[in-house]
Amino acid sequence: MHVVSLLALAVQEQAGVPPVGNDDGRLYLWIALLVGVLALVAALMLARAVIASDTGTTEMQAISNAIREGAEAFLKRQYTTIGEIAVALAVVLFVGYHMSARTSPYAMKTVISFLVGAVCSGLAGYTGMYCSIRANIRTASAARTSLNKALQMALRGGAVTGLVVVALSLLGVGSLFLFFGGLENPQVVPYQLVGFGFGASLVALFAQLGGGIYTKAADVGADLVGKVEAGIPEDDPRNPAVIADLVGDNVGDCAGRGADIFESTAAENVGAMILGAALYPVFGVKGILFPLIVLAINLIASVVGVFVVKTTEDEDPMHALNKGFYVTSGLALLGFAGAVYLMLNGPLVKPLWLLGCGVIGLITSFLFVWITEYYTESIYRPVQSIAKASLTGPATNIISGLAVGMETPALPVIAISAALLLSYYFGVQGLAGVATISDYAKGIYGTAIATMGMLSCAAYILAMDTFGPITDNAGGIIEMSNQPDAIRERTDKLDSAGNTTKALTKGYAVGSASLAAFLLFSAYLEEIKTIVTAKVAAAGGYMPVGWSFTNVNLAQVPVFVGALLGAMLTYLFSSMAIKAVGRTAQMVVQDVRDQFKENPGIMAGTSKPDYGRCVHIVTGAALKEMVLPGALVVGLPVAVGLIFRHLSSSYQANTAIYAAGTVLPVPAIGGVPVNLAGAEAVAGLLMVGTISGVLLAMLMNNGGGAWDNAKKFIETGQYGGKKSEAHKAAVVGDTVGDPFKDTAGPSLHVLIKLLATITLVLAPLFV
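Residues numbered from 1 in each chain as written. Predicted model: local features only at pLDDT ≥ 70, side-chain atom pairs only at ≥ 80, totals over all residues. Heavy atoms only, no water.

Caption draft 1: Representation of the overall build of the protein chain. Along its length, the protein chain carries 23 helices and two strands. Structurally, the protein chain occupies a C-alpha span of about 90 × 50 × 45 Å along its principal axes. Sorting the 767 residues of the protein chain into buried and exposed places 64% on the buried side. Carbon and sulfur atoms form 65% of the exposed surface of the protein chain, whose accessible area is close to 25600 Å². For the protein chain, the separation between the mean place of its 45 positive charges and that of its 50 negative charges on side chains is 2 Å. (Helix = DSSP H or I, 4+ residues; strand = E, 2+ residues; numbered from the N terminus. Buried < 20%, exposed > 50% of the residue type's maximum accessible area, 1.4 Å probe, protein only. Areas by Shrake-Rupley, 256 points an atom, 1.4 Å probe, with all protein chains shown as cover. Lys, Arg positive; Asp, Glu negative; His and termini not counted. Charge placed at Lys NZ, Arg CZ, Asp CG, Glu CD.)

Here it is in structure tokens:
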């Protein structure tokens, strides 16, 4: 990797840019790390304030304790399994890097960053869930006093997750950068951090997938037997699966989504720092540290946004939550502007254009939130059309729901396309004065800044997401403990807002995944260029002037095959995830039916069901089912890269041996072009897999959310209300949408980023 430093210094001299000292970034790094520590302190204070609050009646506490015990038991077993997989992969990674003399010096640092990323991701998910399963009963108890108190309790409980996730991402990347000597070798160290993103992605995939299988299997099983067969309400204490369902909200939506957003911020950090290293002659180390400062601004803005949220008894809680989002966005924009002018400035730079890239990212996040709201809120056409279709039975409900799901990617794709095109153009314009940096490098850094802009409100968005399962659990606790209707009305308002925030966060997550995946794809191309340059220099080969690994030829067979496999992976993975929910749900359905038969007193209300039996069944099944899909995602890109590297040199378009003195269009050693078939096949897999995954994730997230809210719309009294034929049809549609929106869909946007980070980490093995 030392070749990178030499190349950058040479470019710097040609450009006439004075060498940028390393000391100018030291203050920014320490500021970022300090803000990260202070954010953890703020999260601790919020958690203590939440936990010190009233815990309600003895009956409420008994229900909450059952939820807490089930969630903690599942998470303990899940993270034990993930830990074993991570350690095994760390060994494989270490051995793989040691197989080549070129990569062996970086083996230990790569493995360390991988394990740190995995541990930080696990901590982010666990600590967020730790507070959420304690905030639910405090929110339920606060609802006995006022809507405002319950709203603030739930949001502040959710803010613990948001702050911890973003702070750990910031501290993890920042500390490794410092520990690996980033201030002394700023152009080299970002490449050594790619393992951090891989570790975060790996844990996120298994946490989201395992939690998603758990929560939807329990939810589907509880709905089918409870609502459809037995005709009892949601969260009815007579349903043996109800505790497992409430546990699932935490392990899927809290721990899983926390690991998901952690992975987004971590991967975006590392990718942007790698691209910043390529522009070191322009910005110095400040361009590399810029992503860390943006995360620090995110934390400060989000804390303020959380504390401005308040409501009245008659107000829709979403209005208050949106107010906090607008305040957070405004503060994040101001901070972003300050960071751009302080860190991305210079005599040859136009910072206003670069600020425009960040504004584009922020606008894109708003657009994704609004588009998701349009497709999942019951006041708009899509949800109402599904509800109306329920009048003629489950078949028309499902047809209408699928049609809505297939429609949903259109507007988000237009938004992403516009964001990428505009931010690329703005990046080129902002750096137009730097003559010796290619327009491609300028434009790609513009897209990186846009990605940072989109993630600049991540902590508050995640707080709103965790607000959802907290309020859902609070409503369940109120229902099961037979509290007065007036209290249930308050928790229903919060639960309705929580359903919206969960849907919006999924839209935000897949939007950020889209931009982050393109950023990481660009970082992968930059990494391959660096590796090839070093390999050719070490062998005394030929490197064309201005060559870069930016043109991947889809007409080459390895690239086309890799692209096909990438698209196939997203569908096969989704199928495996949905089948896993179906198989586990069947076990839940059978257990609930058995309990009703074995103990008639359950339905009569004279005896309690065995909640623990359902929890145990779902826990074991979910952990078993998550392993194979996860292994597929990790194994396929590795197999493609290694197979085509060793077996397919004859498939490349540029394989001729050139005569001495001939100008070669590609890097060559001994007159033979470097075999890039493995790297190009992986690039095809990554590119098309990302596109396919983004579209499929949008279909599933929004289609599933629309199905869910169509059912809730009927439950308000429309088309016959609860227990009507339309309601039964809507429940069936909702059970189809459940694994879409809470298992396969969210897992897909983790898969997108995992593909990018694993190829980035293992790039040296493909060349």
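There is more to say, and it comes next.
Caption draft 2: Here's a closer look at the confidence of the model for the protein chain. Put simply, the protein chain has an average pLDDT of 82, and 93% of its residues get 70 or more. In this model, residues 1–23 is a region of pLDDT below 50 whose contacts with residues beyond four sequence positions or in other chains number 38 contacts. Note on residues 653–661: pLDDT is under 50 here. Beyond four places in sequence and across chains, it has 13 contacts. (pLDDT = per-residue confidence, 0-100. Contact = heavy atoms within 4.5 Å.)

Caption draft 3: Representation of the pattern of salt bridges. Evaluated as defined, the whole model comprises 18 salt bridges. With a closest N to O distance of 2.9 Å, Glu 625 and Arg 583 form a salt bridge. On the criterion of sequence distance, the pair formed by Glu 625 in helix α21 (residues 611–647) and Arg 583 in helix α19 (residues 557–598) is long-range, its members being 42 residues apart. In this structure Glu 625 comes out as buried when scored by relative accessible area, which is 17%. The exposure class assigned to Arg 583 is partly exposed, which follows from its relative accessible area of 40%. A salt bridge links Lys 741 to Asp 708, with the shortest nitrogen-to-oxygen separation between them at 3.6 Å. Remark: Asp 708 occurs in helix α22 (residues 677–715) and Lys 741 occurs in helix α23 (residues 725–761); sequence separation between them is 33 residues. Like Lys 741, the residue Asp 708 is buried in the burial classification. One continuous salt-bridge network, built from bridges that share partners, spans Asp 708, Lys 711, Lys 712, Asp 734, Asp 738, Lys 741 and Asp 742. (Salt bridge = Lys/Arg side-chain N within 4 Å of Asp/Glu carboxyl O.)

Caption draft 4: Molecular detail of the environment of Leu 411. Mapped onto the fold, Leu 411 is located in helix α15 (residues 410–430). Along the chain, Leu 411 and Phe 368 lie 43 residues apart, while their C-alpha atoms are 8.8 Å from each other. The contacts of Leu 411, once residues within four sequence positions are left out, are Ile 371 and Tyr 375.

Caption draft 5: Broad picture of unusual backbone geometry. One non-glycine residue, Tyr 719, lies in the positive phi region at around 50°. Its location among the elements puts Tyr 719 in the loop between α22 and α23. We note that Lys 723 has phi near 70°; this positive angle belongs to a residue other than glycine. When you line up the elements, Lys 723 lands in the loop between α22 and α23.

Caption draft 6: Here's a closer look at the packing of helix α12 (residues 351–376) against α22. Between α12 and α22, whose axes approach to 8 Å, the crossing angle comes to 45°. By the criterion of interaxial angle, the relationship of α12 to α22 is oblique. Contacts between α12 and α22 involve Phe 368, Thr 372, Tyr 375 and Thr 376 from the first element and Met 698, Asn 702, Gly 705, Ala 706 and Asn 709 from the second. Counted by class, the contact of α12 with α22 contains four nonpolar, five polar and no charged residues. (Axes fitted to C-alpha atoms, helices over the stretch in contact; angles between N-to-C directions. Parallel < 35°, antiparallel > 145°, perpendicular 65-115°, else oblique. Nonpolar A, V, L, I, M, F, W, Y, C, P; charged D, E, K, R; others polar.)

Caption draft 7: Looking closely at helix α4 (residues 107–142). An ideal rise of 1.5 Å per residue puts 52 Å on 36 residues; α4 measures up with 52 Å between its terminal C-alpha atoms. A bend of about 30° at Ala 135 is the largest found in α4. Among the 36 residues of α4, 26 are classified as buried, and the element is accordingly described as predominantly covered. (Expected span 1.5 Å × (residues − 1). Bend = angle between axes of the 7 residues up to and from the residue.)

Caption draft 8: Broad picture of the packing of aromatic side chains. Applying the stated rule across the entire model yields 17 aromatic pairs. Between Phe 325 and Tyr 326 the ring centres are 6.2 Å apart and the planes differ by 35°, which places this aromatic pair in the tilted class. Residue class for Phe 325 comes out buried when judged on its relative accessible area of 2%. Looking at Tyr 326, the relative accessible area reads 43%, which means it is partly exposed. Seen from their ring centres, Tyr 374 and Tyr 375 are 5.0 Å apart, and the 75° between their planes marks the pair as edge-to-face. With a relative accessible area of 3%, Tyr 375 lands in the buried category. Taken together, Phe 325, Tyr 326, Phe 366, Trp 370 and Tyr 460 form an aromatic cluster joined through their ring pairs. A cation over a ring is seen here: Arg 134 above Tyr 130, with NZ or CZ 3.7 Å from the ring centre. (Phe/Tyr/Trp six-rings, centres within 6.5 Å; stacked < 30°, edge-to-face > 60°. Lys NZ or Arg CZ within 6 Å of the ring centre and 35° of its normal.)

Caption draft 9: Looking closely at the nonpolar core. Grouped together as the largest cluster of nonpolar side chains are 253 residues, with contacts concentrated most on Phe 177, Phe 290, Leu 321 and Tyr 524. Not counting the four nearest positions on each side in its chain, Leu 321 is found in contact with Leu 151, Leu 155, Val 309, Tyr 460, Met 464, Phe 467, Ala 497 and Thr 501. (Core = buried A, V, L, I, M, F, W, Y, C linked by side-chain atoms within 4.5 Å.)

Caption draft 10: A look at the state of the cysteines. One pass over the full model with this rule turns up zero disulfides. Free cysteine Cys 457: the closest other cysteine sulfur is in Cys 357, separated by 17 Å. (Disulfide = S-S within 2.5 Å.)

Caption draft 11: The packing of helix α2 (residues 26–51) against helix α5 (residues 147–179), seen in detail. Running from N to C, α2 and α5 cross one another at 155°; their axes reach a closest spacing of 8 Å. Viewed along their axes, α2 and α5 adopt a mutual orientation that is roughly antiparallel. Seen from above, α2 lies across α5 with left-handed handedness. Across the contact of α2 with α5, the residue classes break down as 23 nonpolar, four polar and one charged. (Left-handed = near helix turned anticlockwise from the far one by under 90°.)

Caption draft 12: Main features of the side chain of Lys 442. In this fold, Lys 442 is placed in helix α16 (residues 439–454). Excluding residues that lie within four positions of it along the chain, Lys 442 makes contacts with Gly 427, Val 428, Leu 431, Ala 432, Val 434 and Ile 437.

Caption draft 13: Structural context of the environment of Asn 185. Looking at where Asn 185 falls in the secondary structure, it is placed in the loop between α5 and α6 (189–192). Looking at Asn 185, the relative accessible area reads 43%, which means it is partly exposed.

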